[in-house]
Amino acid sequence: MSTATRKSPLTDWTVIVPVVALIALILSWGRELPGFAVALVALCLAGAVLAAVHHAEVVAHRVGEPFGSLVLAVAVTVIEVALIVTLMADGGDKTASLARDTVFAAVMITCNGIVGLSLLVGALRNRVAVFNAEGSGAALATVATLAVLSLVLPTFTTSKPGPEFSTAQLTFAAVASLALYGLFIAVQTVRHRDYFLPVATGAAASGGTGATGGGEGDGGGDGDHAEPPTVRATLISLGLLLVALVAVVGDAKSVSPAIEAGVAKAGLPNAVVGVIIALLVLAPETLAAVNAARRDRVQTSLNLGYGSAIASIGLTIPAIALASIWLSGPLLLGLGPIHMVLLALTVVVSALTIAPGRATLLQGGVHLVVLAAYLFLAVSP
């Protein structure tokens with residue numbers, strides 16, 4: 001039996017922790033927290049991240065790939081979008097670049113951090129990490145197109161001064177982003193689902209083909225051979241996953257004033273706040289991707305990484321375009337020169353990594369160095 005069905009759901013820590021984290025969110029929402037309270041909320045946030053990973057793996061084990069990674073990516077992104085809109089509604093002009101900073105941080109973290117770590121773990125396990133180049137290449141092309149249309153073009157358009165879209169341009173970008181996202185989901189889950197299934201190799205091959213998607217993560221190393229959780233257990237985990245993700249994003253917002261104060265006190269750029277929050281929000285996907293790579297399912301890890309990047313842009317831009325109807329102040333979407341260079345480097349390196357369908361420690365290390373460069377330049381532009 002899987003770990004999801006061995007324990008009583010009433011005594012399992014993965015049930016208690018999300019509820020406690022949600023209570024912490026309710027008690028801390030909209031309040032100025034003292035230092036000890038910030039520490040407690042941060043502890044609850046960390047527990048909610050671990051619980052979210054567990055429940056995402058239970059759901060993934062039941063529904064298989066690529067639906068399992070899709071559930072986590074979409075759930076995180078939808079809640080992240082709600083957080084961005086809420087912060088922009090409350091922040092006025094000082095949050096004009098929040099959507100851009102958060103989305104770009106998500107792209108860099110997913111395409112370099114999640115992908116780099118996954119390739120590193122997969123290569124350490126089997127010397128060479130093997131994945132499906134067709135599916136990963138299609139995902140990368142979608143990420144690159146969405147990023148250029150939404151984050152690069154605003155810097156060069158002339159209808160409005162500054163890195164802004166006009167209303168018509170923003171509407172086009174929103175519709176195009178949503179259409180591309182919907183098309184990608186249709187290809188990933190229906191028409192070419194086999195392109196996004198784990199490739200059987202090494203340890204996975206000895207236990208049967210990974211293309212069945214049946215062993216996706218019950219949280220143990222023997223997940224490939226575990227019984228899938230029952231429908232009831234899956235529905236409970238799905239509900240608790242949503243609770244945990246709400247707690248993760250909400251608690252991140254609760255501690256953000258302390259983060260902002262610390263960033264300001266250290267004399268760092270305000271964009272660092274968005275990077276830190278993005279790192280916190282994407283923690284469940286990062287842990288889930290690393291766990292999948294440890295089980296020799298690198299394709300699942302790439303599905304999580306690129307799927308999260310696609311969802312982040314494809315859902316955030318339409319939501320921000322809609323919210324701009326009542327939001328006051330400018331909406332800055334265009335990237336600066338440094339970030340455009342990093343985006344171009346990410347796309348080129350990713351294309352060279354994905355094309356062979358195989359990667360070594362070197363490719364994983366290169367992606368992590370690109371992420372390190374982004375984080376360093378965010379602190380010291």
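In case you missed it, the structure is sitting above this.
Residues numbered from 1 in each chain as written. Predicted model: local features only at pLDDT ≥ 70, side-chain atom pairs only at ≥ 80, totals over all residues. Heavy atoms only, no water.

**Remarks on the pattern of salt bridges**
So, step 1. Enumeration over the complete set of coordinates arrives at 2 salt bridges.
So, step 2. A salt bridge links R100 to D101; the shortest N-O distance between them is 3.3 Å. Per residue, the accessibility class of R100 equals that of D101, and both read buried.
So, step 3. The shortest N-O distance in the salt bridge between E164 and K160 comes to 3.4 Å. (Salt bridge = Lys/Arg side-chain N within 4 Å of Asp/Glu carboxyl O. Buried < 20%, exposed > 50% of the residue type's maximum accessible area, 1.4 Å probe, protein only.)

**Here we look at the side chain of E164**
So, step 1. Mapped onto the elements of the fold, E164 is located in the loop between helix 6 (133-156) and helix 7 (167-191).
So, step 2. A distance of 3.4 Å separates the side chain of E164 from the side chain of K160, its partner in a polar contact.
So, step 3. If we ignore the near neighbours within four places in the chain, the residues touching E164 are P154, T157, Q169, P330, L331 and L332. (Helix = DSSP H or I, 4+ residues; strand = E, 2+ residues; numbered from the N terminus. Polar contact = N/O pair within 3.5 Å; in protein donor to acceptor, adjacent residues only side chain to side chain. Contact = heavy atoms within 4.5 Å.)

**Focus on the packing of helix 3 (residues 35-63) against helix 11 (residues 283-294)**
So, step 1. With their axes 9 Å apart at the nearest point, helix 3 and helix 11 run at an angle of 50° to one another. Considered as vectors, helix 3 and helix 11 are oriented oblique to each other. Between helix 3 and helix 11 the crossing geometry is right-handed. Taken together, the residues of helix 11 that come into contact with helix 3 (itself represented by V49, L50, A52, V53 and E57) are A283, P284, L287, A288 and N291.
So, step 2. Looking at the contact of helix 3 with helix 11, its residues break down into 8 nonpolar, 1 polar and 1 charged. (Axes fitted to C-alpha atoms, helices over the stretch in contact; angles between N-to-C directions. Parallel < 35°, antiparallel > 145°, perpendicular 65-115°, else oblique. Left-handed = near helix turned anticlockwise from the far one by under 90°. Nonpolar A, V, L, I, M, F, W, Y, C, P; charged D, E, K, R; others polar.)

**Thoughts on a nonpolar patch on the surface**
So, step 1. Taken together, the side chains of V231, L235, L238 and L242 present a nonpolar region at the surface, about 340 Å² in accessible area.
So, step 2. Relative to the elements of secondary structure, L242 occurs in helix 9 (residues 231-265). (Patch = residues over 30% accessible without salt bridge, like charges linked within 9 Å, V, L, I, M, F, W, Y side chains within 5 Å. Areas by Shrake-Rupley, 256 points an atom, 1.4 Å probe, with all protein chains shown as cover.)

**A short note on unusual backbone geometry**
In terms of backbone geometry, most residues other than glycine have negative phi values and most peptide bonds are trans.
So, step 1. In this structure, R127 takes a positive phi of about 70° despite not being glycine.
So, step 2. The residue R127 is located in the loop between helix 5 (98-126) and strand 1 (129-130) in this model.
So, step 3. Taking the relative accessible area as the measure of exposure, R127 reaches 71% and is therefore exposed.
So, step 4. In this structure, D296 takes a positive phi of about 65° despite not being glycine.
So, step 5. With respect to the helices and strands, D296 occurs in the loop between helix 11 and helix 12 (298-323).
So, step 6. Overall, D296 belongs to the buried group, its relative accessible area being 6%.

**Some points on the environment of G162**
So, step 1. One can find G162 in the loop between helix 6 and helix 7.
So, step 2. For G162, a relative accessible area of 43% gives the class partly exposed.
So, step 3. Measuring from C-alpha to C-alpha, the distance between G162 and L333 comes to 9.5 Å, with 171 residues separating the pair along the chain.

**Let's talk about the nonpolar core**
So, step 1. Residues M88, Y306 and Y374 are the most contacted members of the largest nonpolar core, which totals 62 residues.
So, step 2. Contributing elements (two or more residues each) for this core: helix 4 (67-91), helix 5, helix 6, helix 7, helix 10 (271-281), helix 12, helix 13 (337-354) and helix 14 (361-379).
So, step 3. When residues no more than four places from it in sequence are discounted, the contact partners of Y306 are C111, V115, S136, A139, L140, V143, S350 and I354.
So, step 4. Formed by 25 residues, the second largest nonpolar core is a distinct cluster that contains V76, L241, L245 and V272. (Core = buried A, V, L, I, M, F, W, Y, C linked by side-chain atoms within 4.5 Å.)

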